[in-house]
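# Summary of structural features
Residues per chain, in single letters:
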Amino acid sequence: QAKENVEHHADRELRAVAGTAVEMPGCVQLSEEVQRAAKTGARSKDAVISMFQEARMGKVIEAESALGLVEEINASILRNQRALISIARLKRADDYTYMHSVAVCGLMLALAQQLKLDQQQTREAGLAGLLHDIGKMAIPLQVLNKPGRLTDAEFALIKTHPEAGHKMLL
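To start, this report covers the structure provided alongside it.

About the cut-offs
- Residues numbered from 1 in each chain as written.
- Predicted model: local features only at pLDDT ≥ 70, side-chain atom pairs only at ≥ 80, totals over all residues.
- Heavy atoms only, no water.
- Helix = DSSP H or I, 4+ residues; strand = E, 2+ residues; numbered from the N terminus.
- Buried < 20%, exposed > 50% of the residue type's maximum accessible area, 1.4 Å probe, protein only.
- Contact = heavy atoms within 4.5 Å.
- Expected span 1.5 Å × (residues − 1).
- Arc of directions from axis to C-beta.
- Patch = residues over 30% accessible without salt bridge, like charges linked within 9 Å, V, L, I, M, F, W, Y side chains within 5 Å.
- Areas by Shrake-Rupley, 256 points an atom, 1.4 Å probe, with all protein chains shown as cover.
- Salt bridge = Lys/Arg side-chain N within 4 Å of Asp/Glu carboxyl O.
- Axes fitted to C-alpha atoms, helices over the stretch in contact; angles between N-to-C directions.
- Parallel < 35°, antiparallel > 145°, perpendicular 65-115°, else oblique.
- Core = buried A, V, L, I, M, F, W, Y, C linked by side-chain atoms within 4.5 Å.

### With respect to the overall build of the protein chain
Looking only at helices and strands, the protein chain has nine helices and zero strands in total. Secondary structure elements of the protein chain occur, N-terminal to C-terminal, as α-α-α-α-α-α-α-α-α. Across the 170 residues that make up the protein chain, the buried fraction comes to 41%. Taking as baseline every contact in the protein chain between residues at least 6 positions apart, the subset at least 24 positions apart corresponds to 79%.

### Quick word on helix 3 (residues 67-79)
Here helix 3 contains 13 residues, and its C-alpha end-to-end distance of 18 Å stays within 8% of the 18 Å for a straight helix at 1.5 Å per residue. Residues of helix 3 that are buried include every one of L67, L69, V70, I73, N74, S76 and I77, and no others.

### Remarks on the environment of L67
Here L67 lies in helix 3. Under the relative-accessibility criterion, L67 is labelled buried at 9%. Between the C-alpha atom of L67 and that of E124, which follows or precedes it by 57 residues, the distance is 8.6 Å. Excluding its chain neighbours within four sequence positions, the residues that come into contact with L67 are R123 and L127.

### A closer look at helix 9 (residues 161-168)
Within helix 9, burial applies to H161, A164, G165 and M168. Across the axial projection of helix 9, the buried residues extend over an arc of 100°, all falling on one side. Opposite the packed face of helix 9, turned more than 90 degrees from it, sit the exposed residues E163, H166 and K167.

### Side note on the environment of L157
In this fold, L157 is placed in helix 8 (residues 152-158). Separated by 17 residues in the primary sequence, L157 and P140 place their C-alpha atoms 9.2 Å from one another. Among residues more than four places away in sequence, those in contact with L157 are I139, P140 and V143.

### Looking at a nonpolar patch on the surface
Taken together, L111, L115 and L117 make up a surface patch of nonpolar side chains, about 260 Å² in accessible area. Judged by its relative accessible area of 55%, L115 is exposed.

### Brief notes about the packing of helix 3 against helix 6 (residues 119-131)
In contact at an axis separation of 9 Å, helix 3 and helix 6 are set at 105° when each is read in the N-to-C sense. When the interaxial angle is binned, helix 3 and helix 6 end up roughly perpendicular. Contact residues: L67, L69, V70, E71, I73 and N74 in helix 3; T122, R123, G126, L127 and L130 in helix 6.

### A short note on unusual backbone geometry
Positive phi values are uncommon outside glycine, yet K116 reaches one of about 60°. Here K116 shows up in the loop between helix 5 (96-114) and helix 6.

### Section: the nonpolar core
Membership of the largest hydrophobic core comes to 32 residues, with the highest contact counts inside it found for V48, M51, F52, I73, I77 and L130. Residue assignment for this core shows that the elements contributing at least two residues are helix 2 (30-56), helix 3, helix 4 (81-89), helix 5, helix 6 and helix 7 (141-144). Counting residues per element, this core draws most heavily on helix 5, which supplies six residues. Apart from residues no more than four positions distant in its own chain, M51 is found in contact with I61, A66, L69, L130, L131 and I134.

What follows is the structure, encoded as structure tokens:
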């Protein structure tokens, strides 16, 4: 129940942002960017899956290695904010965590642009969005993927993922 509510809330937020995104100067039509955004989304999902698998195996995540991915997502956001965010909504349940990370990266980049942050701050915001849930890889799969309601102990374990992610990224 709680996981479904979180997913529903995140999907509602993505839908709202995609519908109200501010058009930036020089942006292209949505129809023009959608195909490129779909390819970027697929490559991004694959890269995030790989990073998350490395984290699950206990490997240290090198944030710098994800900056190329952030740049690719940023380029799509610059061309048209709605395209990639709309693509990220087209997720299956098993893709949720990965595409959610790509979507949050896109949202952070769009927000950074609207706030007129400099290039370094924009990249850092995108990277933070991309890696914000990496600590979930420290949570046992039977808890992370549990259908239905979590016990209090399982929920307490889930709440440790930000700290676990911080340790993975040091």
